[in-house]
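Each chain, written out:
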Amino acid sequence: MRVLIVEDEPYLADAIRDGLRLAAIAADIAADGGIALELLDRNAYSVAVLDRDIPGPSGDEIAERIVASGSGTPILMLTAASRLDDKASGFALGADDYLTKPFELRELVLRLRALDRRRAPTRPPVREIAGLRLDPFRREVHRDGRYVALTRKQFAVLEVLVAAEGGVVSAEELLQQAWDENADPFTNAVRITVSALRKRLGEPWIISTLPGVGYRIDEARP
């Protein structure tokens, strides 16, 4: 899961990003409306978290652009304005949810996951493939009934691979969906993480590497 945080208070933005990383959610930060629009053009996000009062194009203008684009990206308004009229105007612009400052990070995480889940209503809360059982909301993975302890990044990578349902996922796609904007495209992070994940899941190996193409979960098991 990858989200865009549009927030011009640097300390708050960094705190949100660091907190979301602990919940295995990758987050990109935009300090103004111009940067936000550039990132939205360049990347696909599970949710956009918008502060309404930011430099450049306002959060309201960005919300209108997201809705007009037809991308279906859910919008969570994050603002200090708590009056009902303010909330009503935000929803009228296309916001899917509203969170007023100050807020608990855990509540933000819960709301982000709920919006992501709502975006794909046909997706089951728990995914199962080739003996793997992945529960994205409890952050748990079992293989053939055995609990598998994973790091946050390993879980994020596995979540993307499982969602592909046996399809091939390139290293670039994994970087885009499981890391954030600061990820180095030339890093070995994907290869190292997949290798460690494969070992954590145990034999027989269930993640296949297709040289020069990407990775996939093997549905055909021995």
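- In the annotation of an unreviewed UniProt entry, the protein is listed under the name DNA-binding response regulator and assigned to Micromonospora gifhornensis.

## Remarks on the overall build of the protein
Then step 1. Tallying secondary structure elements over the protein gives eight helices and 11 strands in all.
Then step 2. Computed over its C-alpha atoms, the radius of gyration of the protein comes to 18 Å, within 12% of the 17 Å expected for a compact globule of 222 residues.
Then step 3. Along the first, second and third principal axes, the C-alpha set of the protein runs to 60 × 35 × 30 Å.
Then step 4. Within the protein, the proportion of its 222 residues that are buried is 45%.

## Structural notes on the side chain of aspartate 135
Then step 1. With respect to the element layout, aspartate 135 can be found in strand β7 (residues 132-135).
Then step 2. Excluding its chain neighbours within four sequence positions, the residues that come into contact with aspartate 135 are Pro125, Val126, Glu140 and Phe155.

## Here's the deal with the sheet that holds strand β8 (residues 140-143)
Sheets are built from strands that pair by backbone hydrogen bonding, the pairs being arranged parallel or antiparallel.
Then step 1. Pairing within the open sheet is antiparallel, and its four strands lie in the order β6-β7-β8-β9. Looking at the sheet topology across the chains shown, the edges are occupied by β6 (127-129) and β9 (146-147).
Then step 2. Relative to β8, β7 runs antiparallel, the two being bridged by four bridges. Bridging from a neighbouring strand, aspartate 135 pairs with glutamate 140 of β8.
Then step 3. Against the sheet, helix α6 (residues 152-163) contacts β6, β7 and β8, and its axis sits at roughly 115° relative to β7.

## What to know about the packing of α6 against helix α7 (residues 171-178)
Then step 1. At a minimum axis distance of 10 Å, the contact between α6 and α7 shows a crossing angle of 120°. When the axes of α6 and α7 are compared, the pair comes out oblique. In the packing of α6 onto α7, the handedness of the crossing is right-handed. Residues Lys153, Ala156, Val157, Val160 and Leu161 of α6 touch α7, and the partners they reach there are Leu174, Gln177 and Ala178.
Then step 2. Taken together, the residues of the contact of α6 with α7 sort by class into six nonpolar, one polar and one charged.

## Side note on the sheet that holds strand β1 (residues 2-6)
Then step 1. Strand order in this open sheet of five strands is β2-β1-β3-β4-β5, and the pairing throughout is parallel. Two strands bound the open sheet, and with one partner strand each, they are β2 (26-30) and β5 (97-100). Here the average twist between neighbouring strands, direction ignored, is 20°.
Then step 2. The sheet contact formed by β1 and β2 spans five bridges and is parallel. For valine 3, the partnering residue across the bridge sits in β2 and is alanine 27.
Then step 3. The strands touched by helix α3 (residues 59-69) within the sheet are β1, β3 (47-50) and β4 (75-79), with β4 carrying the most contacts at an inclination of about 180°.

Rules used throughout
- Residues numbered from 1 in each chain as written.
- Predicted model: local features only at pLDDT ≥ 70, side-chain atom pairs only at ≥ 80, totals over all residues.
- Heavy atoms only, no water.
- Helix = DSSP H or I, 4+ residues; strand = E, 2+ residues; numbered from the N terminus.
- Rg over C-alpha atoms; globule rule 2.2 N^0.38 Å.
- Buried < 20%, exposed > 50% of the residue type's maximum accessible area, 1.4 Å probe, protein only.
- Contact = heavy atoms within 4.5 Å.
- Pairing = 2+ DSSP bridges.
- Axes fitted to C-alpha atoms, helices over the stretch in contact; angles between N-to-C directions.
- Parallel < 35°, antiparallel > 145°, perpendicular 65-115°, else oblique.
- Left-handed = near helix turned anticlockwise from the far one by under 90°.
- Nonpolar A, V, L, I, M, F, W, Y, C, P; charged D, E, K, R; others polar.

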